[in-house]
Amino acid sequence: MEFIYLLPILFSGLGSLLCILPFLKFEEDISVIVSFGALFSSIYILFLPNLTTDFFYIDGLSKIFLVMTSAVYVAAVIFSIYYIEHIQNKLFQSHFYFFLLNTFVLTMLFTVILNNLGLVWVAVEATTVTSALLISTENDEATIEATWRYVIIVSAGLIISLIAVIFIYSSFKTLSFAELLKLYPGLPASMERITYFGGVLGIIGFGTKAGIFPMHTWLPDAHGKAPSPISALFSAVLLPVALFAIERILQAIPNDGVKVFAFTLGLLSIALAAFMSFNQVYYKRMFAYSSIDNMGIALIGLSLGGYAFVGSVLIIIAHAFAKSATFFLTGNVLINYESWKIDEVKGISKTLPATGYSLFFGSLAVTGTPPFGTFLGELLILVAIFNTYGVMITLLTGLFLAMAFIGINYQTLRMVFSEPNREKKRENYIVVIPIINLLLALAVTFASPLIYNILFNGAWK
Amino acid sequence: MNHLDNAFLLVGFLEIALVMFMQWEVYITNIIKTFSISSYLIAILFLIVGFINKESYILVLAALTALTRGWLIPFYLKRILRKDKWRARETSPLVGISSSILISLLIAVVGYLLYSLTLSNYIKSNLGSIPITLMLQGMFLIISRSSTFTQLIGYLIMENAMYMFGYIFPELPFIVEAGIVLDLLGVVMISGAIIRLREDVIKNGSEEYTELKG
């Protein structure tokens, strides 16, 4: 029975193995098949009860992350087939690209099902190893510099979370989530200080990977320079997977000080994104700041718990679909306009109508506009902030969210609805993929009762 | 304070002295060699701990430390360096040598203060300030240098500091420790690949990229 829970991992693992063999020329078909296999098996797991063993801890949250990761995986694989054809100076051959992509997803799928905080750290660090070279696929100076910054900043940040793991282990004498969840109430008072430091350092460390202030500096570089399908995977899945580790720490150490610390970092992250979104020159970089904005508000929701936690999960899922769609669309813009700059991309709605309008809606979705799932999530979190911290902090949070909304949508409007500086072009059918993802971001709102049910009852009933 | 704590203190102070030497050194081969020595010292410490406490598991960790951090990683880095001789001396550190000396001394003081303010109630001796100081020194090496090699060594020093934490706190389960070593090797291999690429395209350390600003 346990075997079924591992199917998504086995599919992506099989994809990695088959793609590394250079004599097999079907790496694209193999990747599509295994990604669909991972998606269908993840959906099937939604109907199964929760699982706790020595190695695995699969609850409602894990199941949601499995489905979300697999769904973006399918879209990223299909979009990659179209996108990598247009990369001029590829760092490696197509089969190696798909090998890395499948392995990257494999490590992310692993992270969300493990029943050991130490192994979760190992898996999160493994995502760095498997994803680094994917950023430098478009082999140029700035891309390689961005890759290096990613590796060194994220690895150094994760060392901080390793201290957290050691502190937590020294307090609880176990790293098993199933055990940790039960142990906190009975913890001696003398251990409270060290668990507090464990929680705080864990948030800073895993926050580095999630793009949380102040260790976010790698994120705009890596998202800005990676190939679009990889930017999509980074923003839509990798950042939430790091937030997942933070959520596990918050569950294990429900200390008020740790929660306030997480809230503060979340607030500072959205403040940063709000100010930075106004002066962006490059569109992919601008959407990277939008990811910091979304992860910041999601972290606030996780720190508050209760219905704000549900709000965070809604944001994470809707953002995953909407942001992956947006990055796919920016990839299509880059291919057709051959420029990274906002000022050099004009009138997309006339040159590439489907891409232009989808980008407009994608931008609205990632900035929390109704009726997308991000709006409902933000609303739940704002109500929780009001109930916990009062009106001033709620207004401040709302102000930062509004600033990011205006900054990002204004720049997108300039690109989409201005006078075109290119001839009208023929749309590629691949634009269907981001459109489907946008519709899924919209569907999150209507699926919210179902998501609530999976989160708290463990299975789709 | 027992003999083991004395050994830890001795190795700890030597580690700090070595990392300070790295802060002031501009020849990358020397930095790599110094890192190798510092890793062997940690391996010796674990060897002593393992023998005195009669724990075979610590002995395995000591062997792994000597093999991966002491020999394999420095060997791999030196091999990459040999291919690009002009990289052997850091020409443009972001913080000058004299400032580095001053700052690295200050970091030792800050490490001690940080420890006194945070963990001193929990750990009954002064041992805890050593890994904290080492970790801050590693971070400073990453921030103050533009050479990819030195930055990577900075990261590895942070990793070594983690190992020293392992002496004060209970050792993590073996499967986690083994995973950490595997990840470390993975990071070094990937970094090696990126260093090669970076050297092919960037000849003068970190440059200003307008695409990576803001």
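Refer to the structure printed above.
Residues numbered from 1 in each chain as written. Chains lettered and ligands numbered in written order. Predicted model: local features only at pLDDT ≥ 70, side-chain atom pairs only at ≥ 80, totals over all residues. Heavy atoms only, no water.

### A word on the overall build of chain A
Turning to step 1, where the next piece is worked out: A tally of regular secondary structure across chain A gives 20 helices and 2 strands.
Turning to step 2, where the next piece is worked out: Here the C-alpha radius of gyration of chain A, 21 Å, is about what a compact globule of 461 residues would show, namely 23 Å.
Turning to step 3, where the next piece is worked out: Along the first, second and third principal axes, the C-alpha atoms of chain A reach 70 × 55 × 45 Å.
Turning to step 4, where the next piece is worked out: Across the 461 residues that make up chain A, the buried fraction comes to 68%.
Turning to step 5, where the next piece is worked out: A sequence separation of at least 24 residues applies to 81% of the contacts in chain A between residues at least 6 apart.
Turning to step 6, where the next piece is worked out: Carbon together with sulfur atoms contributes 69% to the accessible area of chain A, which is approximately 14800 Å² in total. (Helix = DSSP H or I, 4+ residues; strand = E, 2+ residues; numbered from the N terminus. Rg over C-alpha atoms; globule rule 2.2 N^0.38 Å. Buried < 20%, exposed > 50% of the residue type's maximum accessible area, 1.4 Å probe, protein only. Contact = heavy atoms within 4.5 Å. Areas by Shrake-Rupley, 256 points an atom, 1.4 Å probe, with all protein chains shown as cover.)

### Regarding the nonpolar core
Turning to step 1, where the next piece is worked out: Tyr-150 of chain A together with Ile-153 and Leu-156 of chain B are the most contacted members of the largest nonpolar core, which has 225 residues in total.
Turning to step 2, where the next piece is worked out: When residues of this core are assigned to their parent elements, the largest contribution, 18 residues, is made by helix α14 (residues 307-337) of chain A.
Turning to step 3, where the next piece is worked out: The residues contacting Ile-153 of chain B, other than those within four sequence positions of it, are Met-22, Ile-31, Ile-32, Phe-35, Leu-77 and Leu-141 of chain B.
Turning to step 4, where the next piece is worked out: Core analysis: the next-biggest nonpolar cluster, separate from the first, contains 16 residues, Phe-263, Ile-300, Ile-385 and Met-403 of chain A among them. (Core = buried A, V, L, I, M, F, W, Y, C linked by side-chain atoms within 4.5 Å.)

### Section: the layout of surface pockets
Turning to step 1, where the next piece is worked out: A volume near 490 Å³ is recorded for the second largest pocket.
Turning to step 2, where the next piece is worked out: Of all the secondary-structure elements, those providing two or more residues to the lining of the second largest pocket are α5 (94-111) and α6 (117-135) of chain A together with α7 (174-201) of chain B.
Turning to step 3, where the next piece is worked out: Top element by residues in the lining of the second largest pocket is α6 of chain A. It accounts for 7 residues.
Turning to step 4, where the next piece is worked out: By residue class, the composition of the lining of the second largest pocket is 15 nonpolar, 4 polar and 1 charged. (1 Å grid on protein atoms, 1.4 Å probe; cavity = no way out; pocket = protein on both sides within 12 Å on 5 of 7 lines; lining within 4 Å. Points joined across faces, edges and corners; volume = space filled by probe spheres on them. Nonpolar A, V, L, I, M, F, W, Y, C, P; charged D, E, K, R; others polar.)

### Description of the interface of chain A and chain B
Turning to step 1, where the next piece is worked out: At the junction of the two partners, chain A supplies 48 residues and chain B supplies 43 residues.
Turning to step 2, where the next piece is worked out: Both faces combined, the contact of chain A with chain B buries some 4200 Å², and carbon together with sulfur accounts for 76% of it.
Turning to step 3, where the next piece is worked out: Put simply, chain A and chain B have 0 salt bridges between them.
Turning to step 4, where the next piece is worked out: Between chain A and chain B we count 2 residue pairs in polar contact (both at pLDDT 80 or more) in total. (Buried area = accessible area lost by both parts, 1.4 Å probe. Salt bridge = Lys/Arg side-chain N within 4 Å of Asp/Glu carboxyl O. Polar contact = N/O pair within 3.5 Å; in protein donor to acceptor, adjacent residues only side chain to side chain.)

### Notes on helix α3 (residues 27-46) of chain A
Turning to step 1, where the next piece is worked out: The first and last C-alpha atoms of α3 of chain A sit 29 Å apart over 20 residues, in line with the 28 Å expected at 1.5 Å per residue.
Turning to step 2, where the next piece is worked out: Where the residues of α3 of chain A are buried, they touch α1 (2-5), α2 (7-20), α4 (60-83), α5 and α20 (448-457) of chain A. (Expected span 1.5 Å × (residues − 1).)

### Observations regarding the side chain of Ser-41 of chain A
Residues and elements named next belong to chain A.
Turning to step 1, where the next piece is worked out: Turning to its location among the elements, Ser-41 is positioned in helix α3.
Turning to step 2, where the next piece is worked out: Take Ser-41: its relative accessible area is 7%, and that puts it in the buried class.
Turning to step 3, where the next piece is worked out: One polar contact links the side chain of Ser-41 to the main-chain carbonyl oxygen of Gly-37, over a distance of 2.7 Å.
Turning to step 4, where the next piece is worked out: If we ignore the near neighbours within four places in the chain, the residues touching Ser-41 are Leu-7, Pro-8 and Phe-11.

### Things to note about the packing of aromatic side chains
Turning to step 1, where the next piece is worked out: Taken as a whole, this structure holds 23 aromatic pairs over all chains when the rule is applied.
Turning to step 2, where the next piece is worked out: Aromatic pair Phe-360 of chain A and Phe-417 of chain A: ring centres 5.2 Å apart, planes at 80°, arrangement edge-to-face. Note that Phe-360 of chain A is positioned in helix α16 (residues 353-366) and Phe-417 of chain A in the loop between α18 (391-416) and α19 (432-446), a separation of 57 residues in sequence.
Turning to step 3, where the next piece is worked out: Phe-417 of chain A sits in the partly exposed class, given a relative accessible area of 36%.
Turning to step 4, where the next piece is worked out: Through successive ring pairs, a cluster of aromatic residues spans Phe-79, Tyr-82, Tyr-83 and Phe-328 of chain A.
Turning to step 5, where the next piece is worked out: Taking the ring centre of Phe-177 of chain A as reference, the NZ or CZ of Arg-248 of chain A above it sits at 5.4 Å.
Turning to step 6, where the next piece is worked out: Above the plane of the ring of Tyr-163 of chain B lies Arg-69 of chain B, whose end atom (NZ or CZ) is 3.9 Å from the centre. (Phe/Tyr/Trp six-rings, centres within 6.5 Å; stacked < 30°, edge-to-face > 60°. Lys NZ or Arg CZ within 6 Å of the ring centre and 35° of its normal.)

Function cannot be inferred from these measures alone, as they are strictly geometric.
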